[in-house]
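Chain by chain, the residues:
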Amino acid sequence: MQLYFLNLPLNIDVKLGKDWVFIKGECGTLYKRKETNISLLQKRNKLYFFSSNKNLSNYLIANRLSFLILSVVAGHHFKIKVTGVGYRIQKVEDSNFNFLKLRLGHSHDLIYNLPKHVNFYCSSVKRSIYVIVSLYEDMIKRVAYDLRSFRAPDVYKGKGIRYKDEKLRRKEGKKNNA
């Protein structure tokens with residue numbers, strides 16, 4: 001049996017419960033339910049772990065724990081790009097909830113309620129690029145997917161909402177045979 005460890009950054013606080021692992025950092029606090037047959041021990045800035053389960057690799061455990069640590073240190077962000085004349089997304093903050101007001105060429109404005117732990121802002125460099133930020137990567141991807149579903153990019157003109165790194169294959173328009 002070999003004991004494995006992860007080095008913890010200085011600004012990370014890890015608390016180990018009987019069935020839970022709490023990790024607190026600059027961006028917030030995450031907690032994860034400990035899987036069975038995993039032993040965890042924290043000493044100074046190292047987190048030691050060992051799995052007695054043969055099916056669960058120690059490298060997999062290290063990967064999951066380091067992903068949680070990375071989440072609370074830096075958070076996750078995802079960029080979307082809005083292309084089209086008059087297409088805008090505006091964040092409206094209320095005392096109880098946050099929502100997005102989408103102007104995407106429909107006859108009316110669309111409203112999207114933001115989840116509790118997700119933040120949304122416009123990039124300061126370009127007004128057409130928006131950034132979704134959260135501790136939870138799956139929430140970010142879900143919000144980006146939902147926003148894209150309101151107006152997917154048009155293959156002829158390129159107007160719509162797309163992911164920042166998404167490549168759009170444009171089609172050629174009609175040809176005149178005159």
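Residues numbered from 1 in each chain as written. Predicted model: local features only at pLDDT ≥ 70, side-chain atom pairs only at ≥ 80, totals over all residues. Heavy atoms only, no water.

Considerations on the overall build of the protein chain
- Summing up its helical and strand segments, the protein chain has two helices and 13 strands in all.
- In terms of principal-axis extent, the alpha carbons of the protein chain reach across some 80 × 45 × 30 Å.
- Considering only residue pairs separated by 6 or more positions, the protein chain has 48% of its internal contacts joining residues 24 or more positions apart.
- Looking at the protein chain, you have 34 positive and 14 negative side-chain charges, and the mean spots of the two groups are 4 Å apart. (Helix = DSSP H or I, 4+ residues; strand = E, 2+ residues; numbered from the N terminus. Contact = heavy atoms within 4.5 Å. Lys, Arg positive; Asp, Glu negative; His and termini not counted. Charge placed at Lys NZ, Arg CZ, Asp CG, Glu CD.)

Regarding the layout of surface pockets
- Reported here for the largest pocket is a volume of approximately 180 Å³.
- Along the walls of the largest pocket sit L30, Y31, K32, R64, F67, L68, S71, L135, Y136, E137 and D138, which together make up its complete lining.
- Looking at the lining of the largest pocket, the elements with two or more residues in it are β4 (29-33), α1 (58-74) and α2 (137-150).
- By residue number, the principal contributor to the lining of the largest pocket is α1, which donates four residues.
- Split by residue class, the lining of the largest pocket holds six nonpolar, one polar and four charged. (1 Å grid on protein atoms, 1.4 Å probe; cavity = no way out; pocket = protein on both sides within 12 Å on 5 of 7 lines; lining within 4 Å. Points joined across faces, edges and corners; volume = space filled by probe spheres on them. Nonpolar A, V, L, I, M, F, W, Y, C, P; charged D, E, K, R; others polar.)

Regarding the pattern of salt bridges
- A full pass over the atoms with the stated rule returns seven salt bridges.
- In this structure, the salt-bridge partner of R148 is E166, at a minimum N-O distance of 2.6 Å. You can see R148 sitting in helix α2 and its partner E166 sitting in the segment after β13 (160-163), a full 18 residues away along the chain.
- Taking the relative accessible area as the measure of exposure, E166 reaches 21% and is therefore partly exposed. (Salt bridge = Lys/Arg side-chain N within 4 Å of Asp/Glu carboxyl O. Buried < 20%, exposed > 50% of the residue type's maximum accessible area, 1.4 Å probe, protein only.)

Here we look at the packing of aromatic side chains
- All chains considered together, the criterion is met by eight aromatic pairs.
- Ring centres of Y4 and F49 lie 6.0 Å apart, and the angle between their planes is 25°; on these two criteria the pair is classed as stacked. In this pair, Y4 is assigned in strand β1 (residues 4-7) and F49 in strand β6 (residues 46-51), connecting sequence segments 45 residues apart.
- Residue class for F49 comes out buried when judged on its relative accessible area of 1%.
- Measuring from centroid to centroid gives 5.6 Å for F120 and Y130, while their planes differ by 15°, and the two rings are stacked. Residue F120 is located in strand β11 (residues 118-122), and its partner Y130 is located in strand β12 (residues 129-134); the two are separated by 10 residues in the primary sequence. Across this residue pair, the class does not change: F120 and Y130 are buried.
- A network of ring pairs unites the aromatic residues W20, F22 and Y31 as a single cluster.
- R148 extends its terminal NZ or CZ atom over the ring of Y163, reaching a point 5.4 Å from the ring centre. (Phe/Tyr/Trp six-rings, centres within 6.5 Å; stacked < 30°, edge-to-face > 60°. Lys NZ or Arg CZ within 6 Å of the ring centre and 35° of its normal.)

Regarding α2
- In a regular helix each residue adds 1.5 Å, so 14 residues correspond to 20 Å; α2 covers 21 Å between its end C-alpha atoms and thus fits that length.
- For α2, the full list of buried residues reads I140, V143, A144, D146 and L147. Taken around the axis of α2, the buried residues stretch over an arc of 160°, which confines them to a single face. Exposed and oriented more than 90 degrees from the buried face of α2 are D138 and S149. (Expected span 1.5 Å × (residues − 1). Arc of directions from axis to C-beta.)

Quick notes on empty space enclosed by the protein
- Per the counting criterion, the structure on display carries one cavity of 30 Å³ or more.
- In terms of lining, the largest cavity is formed by V21, K32, R33, K34, E35, I38, L40, L56, I61, R64, L65 and L68.
- Those elements that provide at least two residues to the lining of the largest cavity are β4, β5 (38-43) and α1.
- A class-by-class count of the residues in the lining of the largest cavity yields seven nonpolar, no polar and five charged.

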